[in-house]
Structures are given as C-alpha cells and as structure tokens.
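In case you want the letters, here they are:
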Amino acid sequence: MRIPIQSVTPETGHAEICGWVHEERDLGGLAFFLIRDRTGILQVTIPKKKVSEAVLAAAKKVSRESVVRVAGTVKAMEKAPGGRELIPDTFEIINLAETPLPLDVSEKVGAELDTRLDARFLDVRRPRVAAVFQIRSAALHAINNFFHKEGYISITTPKIVAAATEGGTELFPIAYFDKEAFLNQSPQLYKQMMMAGGFEKVYEIGPIFRAEEHNTTKHLNEATSIDIEVSFADHNDVMKTLETLILKTYEYVNRSCSDQLANLELTDFAVPKAPFTRLPYREAIEIAQRTCSEPIKYGDDISAAAEHAIGDEMGSHYFITDWPTEIRPYYAMPYEDDPSICKAFDLMHPRMELSSGAERIHQYDLLVQQIKKKGLNPESFEFYLRPFRYGMPPHAGWGLGAERLIMTMLGLSNVREAVLFPRDMHRLVP
RNA sequence: GCCCAGGUAGUGUAGCGGCCUAUCAUGAUUGCCUGUCACGCAAUCGACUCGGAUUCGAAUUCCGACCUGGGCGCCA
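Let us look at the structure shown here. For every chain, the first residue of the written sequence is number 1, and numbering continues from 1 along that sequence. For naming, the first written chain is A and the first written ligand is 1, with later ones following in the order written. Restriction of local features to residues with pLDDT of at least 70 applies here, the model being predicted, together with a cutoff of 80 or more for giving and counting side-chain atom pairs; totals for whole chains, interfaces and linings are based on all residues. The basis for every side-chain value is the complete set of non-hydrogen atoms in the structure, without hydrogens or water.

1. Focus on the pairing of strand 10 (residues 201-209)
Counted only if it meets this: Paired strands, as defined in this entry, are two strands with at least two bridges between them according to DSSP. Numbering goes from the N terminus for both helices and strands, where a helix is a DSSP run of H or I of at least four residues and a strand is a run of E of at least two.
Sheet analysis places strand 6 (residues 153-154) next to strand 10, joined by two bridges and oriented parallel. The partner of S154 across the bridge, within strand 10, is Y203. Bridging between strand 10 and strand 11 (residues 222-231) involves nine bridges; their strand directions are antiparallel. The residue of strand 11 that forms the bridge with F209 is E222.

2. Digging into helix 6 (residues 235-256)
Quick reminder of the rule: Given the number of residues in a helix, its expected span is that number minus one, multiplied by 1.5 Å. Any residue under 20% of the maximum accessible area for its type is buried, any over 50% is exposed, and the rest in between are partly exposed; the area is computed with a 1.4 Å probe on protein chains only. Each polar contact in these results corresponds to two N or O atoms within 3.5 Å; when the atoms are within protein, one needs to be able to donate a hydrogen and the other to accept it, and residues that are neighboring in sequence are counted only if both atoms are side-chain atoms.
If you check helix 6, its first and last C-alpha atoms are 31 Å apart, about what 22 residues at 1.5 Å a residue would give, namely 32 Å. Along helix 6, the positions that sit buried rather than exposed are H235, V238, M239, T241, L242, E243, L245, I246, L247, T249, Y250 and V253. Here helix 6 starts with a cap whose side-chain oxygen sits 3.0 Å from the backbone nitrogen of N236, and that cap is D234.

3. Regarding the nonpolar core
Let me state the cut-off plainly: Here, nonpolar core refers to any group of buried Ala, Val, Leu, Ile, Met, Phe, Trp, Tyr and Cys residues whose side-chain atoms link them within 4.5 Å. Throughout, a residue-residue contact means that at least one pair of heavy atoms, one from each residue, lies within 4.5 Å.
Core analysis: the biggest nonpolar cluster contains 52 residues, and F147, W398, L400 and L410 have the highest contact counts within it. When contributions to this core are tallied by element, the ones reaching two or more residues are helix 4 (127-149), strand 10, strand 11, helix 6, strand 14 (341-349), strand 15 (352-359), strand 16 (395-401) and helix 12 (402-410). Looking at which element gives the most residues to this core, the answer is helix 4, with 11 residues. Discounting chain neighbours no more than four positions away, the residues touching L400 are T224, S225, I226, L242, L245, I246, L354, S355 and L405. Counting 21 residues, the second-largest nonpolar core is a separate cluster that includes I5, V51, V70 and L86.

4. Let's talk about the packing of aromatic side chains
Inclusion rule: Stacked, tilted and edge-to-face are the three classes applied to pairs of Phe, Tyr and Trp rings, where Trp contributes its six-membered ring and a pair requires centres within 6.5 Å; stacked means planes under 30 degrees apart, edge-to-face means over 60, and tilted covers the rest. To sit over a ring, a charge needs its Lys NZ or Arg CZ within 6 Å of the ring centre and within 35 degrees of the ring normal.
In this structure the tally under the stated criterion is 16 aromatic pairs. Between Y281 and Y298 the ring centres are 5.2 Å apart and the planes differ by 75°, which places this aromatic pair in the edge-to-face class. Of this pair, Y281 sits in helix 8 (residues 281-291) while Y298 sits in the loop between helix 8 and helix 9 (304-314), and the two are 17 residues apart along the sequence. Residue class for Y298 comes out partly exposed when judged on its relative accessible area of 34%. Summarising the aromatic geometry, the rings of Y330 and F381 are spaced 5.5 Å apart at their centres and angled 65° between planes, so their arrangement reads as edge-to-face. Linking Y330 in the loop between strand 13 (318-324) and strand 14 with F381 in the loop between helix 10 (364-373) and helix 11 (382-385), this pair joins segments that are 51 residues apart in sequence. Judged on exposure class, the residue Y330 and its partner F381 are both buried. In this arrangement the basic side chain of R282 is found over the ring face of Y298, its NZ or CZ atom lying 4.4 Å from the centre. A cation over a ring is seen here: R328 above W323, with NZ or CZ 4.7 Å from the ring centre.

5. Observations concerning the sheet that holds strand 12 (residues 277-280)
For clarity, the cut-off: The axes used here are C-alpha line fits, helices contributing only the stretch in contact, and every angle between their N-to-C directions lies in the interval 0 to 180 degrees.
The mixed open sheet is built from eight strands, whose spatial order is 6-10-11-16-15-14-13-12. Looking at strand neighbours, the two that pair on one side only are strand 6 and strand 12, the edges of this open sheet. Of the strand pairs in this sheet, strand 13 and strand 14 are connected by six bridges, and their pairing is antiparallel. Pairing of Y318 across the sheet is with M348, part of strand 14. Helix 8 rests against strand 12 and strand 13 of the sheet, and its axis sits at about 80° to strand 12. Helix-sheet contacts for helix 9 involve strand 12, strand 13, strand 14 and strand 15, and the interaxial angle to strand 13 is about 135°.

Encoded structure:
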C-alpha cells in the first residue's frame with residue numbers, strides 16, 4: 001500500500017512510496033535517490049552490497065523524473081534530509097523519463113517563463129511552482145466556503161453568447177452552427193438577470209474572455225472571474241462584503257498553507273488590515289496630480305503611472321469610489337443628488353486593480369437612457385432589458401480577478417504564474 | 001494596436017567584425033568513489049532562429065521574415 005512521503009517517519013517501519021526521481025547521487029558503494037511526490041521529498045539510500053540485484057539494476061537504469069515505486073525499511077538517520085531514509089528491498093521503474101529533460105526540475109539552473117510554460121507539466125513538478133497552485137486552490141476553497149456560509153446561490157452562466165456585455169469590440173467571435181456568437185467577457189448581464197429571478201444573492205467563479213491585444217504582465221485573454229450580485233444591497237454593502245472576503249481568504253491561506261508559503265519564501269505573509277480606505281475618485285486624482293509626473297485631470301481614466309503613484313501613497317488595499325458616470329459602464333447607478341458621479345468602485349492593490357463593482361441601475365427607463373448615452377443600441381440588449389420590466393429589485397455586485405488576487409497575494413511578477421495554462425496574444429498551446 | 005529590447009548546446013548564460021575549432025554553469029553518456037544533501041574527480045557529447053546583403057573575413061554590422069520578453073493604451 002503506497003503512502004504519501006509526508007507521512008513517512010522513522011516510526012513507519014516498512015513503507016512503500018511512489019513518486020518521481022528528483023535527484024540521484026552515486027557515491028560508488030553507496031547511492032542516494034531523492035524521491036518526490038506532491039507531499040514532499042524522501043531520501044532512498046542504496047548500500048550496493050546489501051541490496052538485491054534487481055534493485056541495483058533498476059537504480060542504475062533509472063533517469064531523473066522517472067516514475068518509480070520503492071518499498072523498504074525506513075530508518076532514522078540524522079545525516080539524511082528530514083532525519084529519515086528508506087533502504088529499499090524493491091525498486092520498480094513504473095515509467096522511464098526521457099533524457100535530457102526540457103527543463104531542470106531541481107532548479108539548479110533557471111528557466112524562462114516561455115520555456116516553463118511550454119513544458120508546464122514539468123514546471124509544476126517544481127515544489128515552489130506547485131505551491132502557487134496549491135495556494136490558489138486553498139484560496140478558491142475559502143472563497144466558495146465564504147459564499148456558502150453567507151447564503152449565496154452558486155450559479156453558472158453561458159460562456160457562449162450572442163451579444164457583447166458592454167458594447168465594445170474586444171470579444172472573440174466563434175462559429176455557432178449558422179449563427180454568429182462570442183465568448184463571454186463577463187457574467188455581468190446574467191447575474192443581474194438572476195436578481196430579477198429572485199435569487200437575491202448569487203456568485204459565480206468562472207472563465208471570462210477578452211480579445212484585447214494587450215501585452216503586459218497583468219492581462220490574460222482568458223481569466224477567472226469571481227463575481228457576485230446581491231439584491232436590496234447598495235455599493236457600500238458589497239464593498240464591505242468584498243473587504244471581508246479578501247480578509248477571510250488571506251486568513252485561510254495563512255492558516256492552512258504554511259508549507260507552501262515557506263516554499264515561496266513568504267515568511268512575512270500578512271493579512272491586510274481592514275477597513276480598506278474608501279478614496280473618492282476626486283481625491284485619487286488629486287493625489288496623482290500631486291505625486292505623479294504624468295499629467296492627469298478629473299474625468300480621465302487612471303493611467304498606470306497614476307495608479308502606481310496613488311498606490312504608493314495608500315500603501316495597501318483601498319477602494320476608489322464615486323467615479324464619474326461618464327467613464328463607467330452604463331449599468332452603474334448615478335447618485336440621485338449628483339448624476340455626474342456614480343456608485344461604482346474599484347478595489348485596488350497598490351500594484352494594480354483587483355476588482356470593480358457598483359450599485360446597478362434597476363429602473364428600466366434610466367437604464368435604457370444610459371445605454372443610449374454610451375452610444376449603444378438598446379435593441380441588442382433586449383434579452384437583458386426585459387427582466388427590468390417585470391420586477392427588478394435594487395442590487396449591487398462586483399467582479400474580482402482570481403489570478404490578480406493570487407498574483408498580488410503571493411507577490412508574483414507575472415499574472416501567467418497564477419494560471420496553469422495561460423492564454424495570451426501569443427500562446428494557445430499547450 | 002503603438003513603442004522598446006531580445007533570439008547562442010536540453011536548460012540558463014559569456015562573447016558583440018579576425019584572438020570563436022564559441023565561454024561558464026547545469027545536463028546527458030561512460031568510468032572511479034560507502035554518507036551525499038548544488039557530492040567530488042576524469043573523459044566524452046551538445047549551440048550561434050531562418051533568408052538575403054555588406055566585407056578579404058559575420059555569432060558580432062545592415063535589411064526582411066519568424067519567434068520571445070517588456071512598457072503603454074484598456075481592463076479583472
């Protein structure tokens with residue numbers, strides 16, 4: 001019976017392990033093999049005079065990163081990594097790996113991201129890379145948990161759609177039988193429709209697709225969006241929810257992923273401090289005008305340089321609130337007393353935007369008016385507008401980029417590090 | 001889409017008109033070695049992205065193609 005390497009201790013007695021050959025060192029009469037599975041690394045020690053011919057033959061033949069099954073006696077050994085080693089009585093090569101390897105799993109020499117992504121299956125064998133995805137898994141678990149505890153209904157909405165969410169041209173067209181269709185850029189319209197469906201609190205974690213030809217370390221053409229929509233809530237309510245979710249996620253990762261964080265050398269991992277500052281857009285612009293070398297004025301989008309300048313000033317997570325209605329999507333709710341600004345917000349990490357959200361317009365006439373103001377045709381949004389005529393409650397929500405959350409949480413320099421098989425302008429394989 | 005910077009053994013690099021039969025590390029192959037933990041030692045193997053041009057001579061300069069990284073716009 002195979003047991004995980006993590007649970008092999010000097011008290012184990014006889015053990016059978018399965019895994020990959022991480023490193024081999026042959027000292028002549030004595031050989032050492034480091035065997036790795038997803039839980040850890042164990043040293044297999046072969047005193048050549050004391051083991052069987054079969055073990056010797058296998059040890060001679062096996063190459064690095066081959067898959068093996070090794071069984072034998074576990075002994076306490078101070079000189080061995082982890083204080084224990086396994087002396088094999090059987091050493092079976094399950095699958096021999098070809099040589100040379102496309103990249104060095106033991107990390108003696110580096111590999112560029114492009115090389116790593118081409119051989120991602122090998123790249124993720126490296127413990128520090130695996131740690132990122134184990135943490136990503138834990139973070140998404142914490143997020144799912146949070147929503148279930150809070151009574152949200154998990155939904156999945158179509159990724160193949162007939163119309164754009166926000167107008168725009170940044171959609172991937174696909175052939176859908178004899179019709180024109182697109183990959184969805186956001187679940188926005190569908191989660192709002194479920195407010196008319198009376199679900200009240202919904203969330204979805206799923207893929208979003210953007211055909212923008214951006215070439216940066218924080219954009220993907222296929223990303224994972226964490227989306228919520230809540231009825232009878234306003235922008236402040238859902239900002240509070242987002243803030244709590246971020247804290248809970250960091251706390252869970254901090255609590256349950258200490259090995260992985262150690263692998264990533266994140267000994268100073270810190271849960272952000274709440275409450276996050278609510279910084280009105282107007283004040284954000286003032287900070288940028290004061291501290292950023294590039295000129296910016298009220299009404300502009302916040303440029304990367306301005307974003308960094310404001311981020312430096314704020315130092316940790318913060319919200320930018322009260323945006324000019326003009327530069328937000330048509331569905332953002334304008335303030336009653338000043339319709340030039342709206343109840344939209346972005347959640348910012350000092351390095352980049354993580355999330356954007358808003359209280360939405362729930363009145364049919366106002367929504368149609370805003371769609372027209374953006375130069376869009378309400379007729380192409382009929383499927384979306386229809387629910388607004390039959391009892392749409394007030395509601396608010398946001399979308400949070402899962403990869404950016406992981407990237408900023410772990411200090412990754414490229415968002416591609418947070419996706420197993422990233423899709424960007426140049427990469428469609430593997 | 002615009003603007004930079006690059007493409008040298010399996011991997012990561014040095015070289016930037018002749019000293020290149022191309023450096024170093026890692027790796028692979030073979031041999032030696034009983035406590036390695038980036039083991040050590042010896043030998044061997046393995047590369048200038050492609051096409052054109054300039055030149056007596058091109059990895060090195062120029063042009064084009066292809067590929068890659070990064071910045072910007074925009075956004076999650």
